[in-house]
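So the chains spell out like this:
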Amino acid sequence: MRTAELEPRLGPADRQGALVLGGGQIVRDDGSVVRNDILIEGNGRIAAIGPDLPLPPDANRWDMAGTLISAGFVDMHQHLDKTGVLRFTPNPSGTLQGAREAFAKYARTAGPEDITRRATRTMGRCLSRGTTAIRSHVNVDKDARFNGIEALARLRDEWADRLTLQLVAFMTPHPGQDFDCLTENIDAALAIGDVVGGTPAVSEDPARYIDILFAAAARADKPVDLHLDEHLDPARVHFDAALDCVERYGMQGRTVFSHISVLSAMPRADARRIMDRMIELDVGAVTLPAANLYLQARDHETLPPRGLTRVAELMREGVAVATASDNIQDPFVPTGSGDMLEIARWTLLAGHLMADELADAYRMITSVPARLMGLGGDHGIKVGAWADLVLTDCIDTETLVAGGADRMRVLSRGRLVSETSARLADPEPARVACAP
Ligand SMILES: [Zn+2]
């Protein structure tokens, strides 16, 4: 497999004008496929979709016959401030607590340039693999201070012409947390971040901590994304405290629970009650299979559980479930390539979905996270959306998730930013098909 990361830093003056993608197999938001043309304007947005679109003057046309055209992938849970630090701060225990301690130690010395360099590399890899929107949690605490969120806010601006980056002010708790300090800093963090986040199970006073987060979100009119109960101990769960706050602060439709691993350890009837309440309050879920598989259940001598939440049940009950990378090559997860198809595949396997749910796994990396992130009209293959597109030689979303593509091209804001071919023996690889 070889991937060419093309120069994406083309300003508006360098744009080539309009582009028509002719006769491709277009994936709609519901996963169905329809053959149509797509007209992309010079501003990087989709201007028209339909059969036999006329070619505007000075426009290029790419023949897309036999090409599957998907919306850009959405990785709605990463940690770009932590990415790539594994080699500098290992996690010998392989546990979640070990990872937290390892990163806290590193964060005290991580300056903006270091954070920017590592995040830039990961964002570039993600983009080249088809991800055009990322939500990153960024620690704001006594160790990281504002270093990470300020550095990533600059990247959010610099990369806005090719990738949508949302930042979660991750107000990380720690033993002996000074709640006054949290309260003093959370508004400033939210002035930079797009979303408020935290991890209640680690707090000494989870109910108070959750309330502080929701109150700040309501003041700033920004959504909430919690690392909720990333553990497997049913004796300590914080669903109701969080769901009560959703109601109290009117955050229905603007709240996401990430991980919720403990749901798998709870009796089914208790879990169903929580699911029903999540549906009633329009709370979404994000599963993070890589982190759960790696960090959870290290203390089990036999048959260690998978550590994921009840992915299949949540989805079948009607909860909006997305899946995401979480950590990439850091003390929390030592692996990771930024390939969302790999994450979708793992979700299907580790989440115990069925073979006829491959298309659901595809939606977990596209339309579902796009909705949960509030990307609205910017995402998807529709008029007015960014032309953030993944072009592959697959026949449908099921085969795309199941085995990946032999050939992939990625358009970001209408510009070709990556092309990949697995056919090294092919004398004329993917580049041929994208010539005007
Ligand atoms: Zn996370």
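Bear in mind the structure is a predicted one, so any value in this text is a computation, not a measurement.

K.L.:
Looking at this structure, how should I read the overall build of the chain?
P.N.:
Per the secondary structure count, the chain includes 13 helices and 17 strands. For 436 residues, the compact-globule formula gives about 22 Å, and the C-alpha radius of gyration of the chain, at 21 Å, lands near that figure. Considered along the principal axes of its C-alpha atoms, the chain spans approximately 65 × 45 × 45 Å. Burial statistics for the chain: of 436 residues in total, 54% are counted as buried.

K.L.:
Just checking my understanding: could you explain the domain arrangement of the chain for this structure?
P.N.:
How big an interface is tends to be stated in terms of the accessible area lost upon association of its parts. Taken domain by domain, the chain holds domain 1 (2–72 + 380–434) and domain 2 (73–375). The gap between the C-alpha centroids of domain 1 and domain 2 is 30 Å. The partner domain 2 presents 22 residues to the 23 residues of domain 1 that form the contact. Contributions of two or more residues to the side of domain 1 that touches domain 2 are made by strand S1 (2–5), strand S6 (68–71), helix H13 (397–403), strand S16 (407–412) and strand S17 (415–421). Considering every element that reaches the side of domain 1 that touches domain 2, the biggest residue donor is H13, with 5 residues. Taken together, the residues that form the side of domain 1 that touches domain 2 break down as 9 nonpolar, 9 polar and 5 charged.

K.L.:
Is there a simple way to think about the pairing of strand S11 (residues 224–228) in this case?
P.N.:
Of all the 5 residues making up S11, 5 are buried; the element is thus mostly covered by neighbouring parts of the structure. Of the pairings in the sheet, the one linking strand S10 (residues 195–198) to S11 comprises 3 bridges and is parallel in character. Pairing of Gly 198 across the sheet is with Leu 226, part of S11. Regarding the hand of the β-α-β motif, the stretch spanning S10, helix H5 (residues 206–220) and S11 is right-handed. Here S11 runs beside strand S12 (residues 255–259); their pairing, made up of 5 bridges, is parallel. Across the sheet, the residue bridging to Leu 226 is Phe 257, located in S12. Crossover handedness for the path S11 to helix H6 (residues 239–248) to S12: right-handed.

K.L.:
Would you mind going over helix H7 (residues 268–280) with me for this structure?
P.N.:
For an α-helix the count is 3.6 residues per turn, leaving residues at separations of three or four pointing the same way. Taking 1.5 Å per residue, 13 residues should reach 18 Å; H7 reaches 18 Å between its end C-alpha atoms and fits that length. Among the residues of H7, Ala 271, Ile 274, Met 275 and Met 278 are the ones counted as buried. Taken end-on, H7 shows its buried residues confined to a sector of 100 degrees, consistent with a single buried face. Opposite its buried face, H7 presents the exposed residues Ala 269 and Glu 280, each directed more than 90 degrees away. Lining the buried residues of H7 we find H6, strand S13 (283–287) and helix H9 (311–317).

K.L.:
Would you mind showing me how to read the sheet that holds strand S8 (residues 131–139) here?
P.N.:
Note on sheets: strands pair through backbone hydrogen bonds, and any given pair is parallel or antiparallel. Strands sit in the order S7-S8-S9-S10-S11-S12-S13-S14 across an open sheet of 8 strands; the sheet is parallel. Each edge of the open sheet carries a strand with a single partner, namely strand S7 (73–78) and strand S14 (321–323). For this sheet the average axis-to-axis angle between neighbouring strands, irrespective of direction, equals 25 degrees. Set on the sheet, helix H3 (residues 147–158) makes contact with S8 and strand S9 (164–170); between it and S9 the angle comes to about 165 degrees.

K.L.:
Teacher, can you tell me more about the confidence of the model for the chain here?
P.N.:
Any segment with low pLDDT has predicted coordinates that should not be analysed in fine detail. Mean pLDDT for the chain: 93, with 93% of residues reaching 70 or above. Scored below 50 in pLDDT, residues 7–14 shows 7 contacts in the model against residues more than four places distant or in partner chains. Confidence over residues 429–436 falls short of pLDDT 50; this stretch has 15 contacts with residues more than four positions distant or in other chains.

K.L.:
What is the right way to read unusual backbone geometry from this model?
P.N.:
What is expected of a backbone is that most residues other than glycine have negative phi and most peptide bonds are trans. Of note, the phi angle at His 259 is positive, near 75 degrees, even though the residue is not glycine. Relative to the assigned elements, His 259 resides in strand S12. Residue classification places His 259 among the buried residues on the basis of 27 C-beta atoms within 10 Å. Of note, the phi angle at Asp 326 is positive, near 65 degrees, even though the residue is not glycine.

K.L.:
Sorry, what's going on with the nonpolar core here?
P.N.:
Across soluble globular proteins, nonpolar side chains have a tendency to be buried as a group. Core analysis: the largest hydrophobic core is formed by 135 residues, its most contacted members being Ile 69, Ala 169, Leu 213, Val 321 and Ala 344. With 7 residues, the single largest contributor to this core is H5. Counting contributing residues, this core receives three or more from each of domain 1 (2–72 + 380–434) and domain 2 (73–375). Not counting chain neighbours up to four residues away, the residues in contact with Leu 213 comprise Met 171, Val 196, Gly 198 and Val 224.

Parameters at a glance
Residues numbered from 1 in each chain as written. Predicted model: local features only at pLDDT ≥ 70, side-chain atom pairs only at ≥ 80, totals over all residues. Helix = DSSP H or I, 4+ residues; strand = E, 2+ residues; numbered from the N terminus. Rg over C-alpha atoms; globule rule 2.2 N^0.38 Å. Buried ≥ 20, exposed ≤ 12 C-beta atoms within 10 Å, placed from the backbone. Domains from an automatic or database assignment. Contact = placed C-beta atoms within 7 Å. Nonpolar A, V, L, I, M, F, W, Y, C, P; charged D, E, K, R; others polar. Pairing = 2+ DSSP bridges. Right-handed = clockwise from strand over helix to strand, strands pointing away. Expected span 1.5 Å × (residues − 1). Arc of directions from axis to C-beta. Axes fitted to C-alpha atoms, helices over the stretch in contact; angles between N-to-C directions. pLDDT = per-residue confidence, 0-100. Core = buried A, V, L, I, M, F, W, Y, C linked by C-beta atoms within 7 Å.

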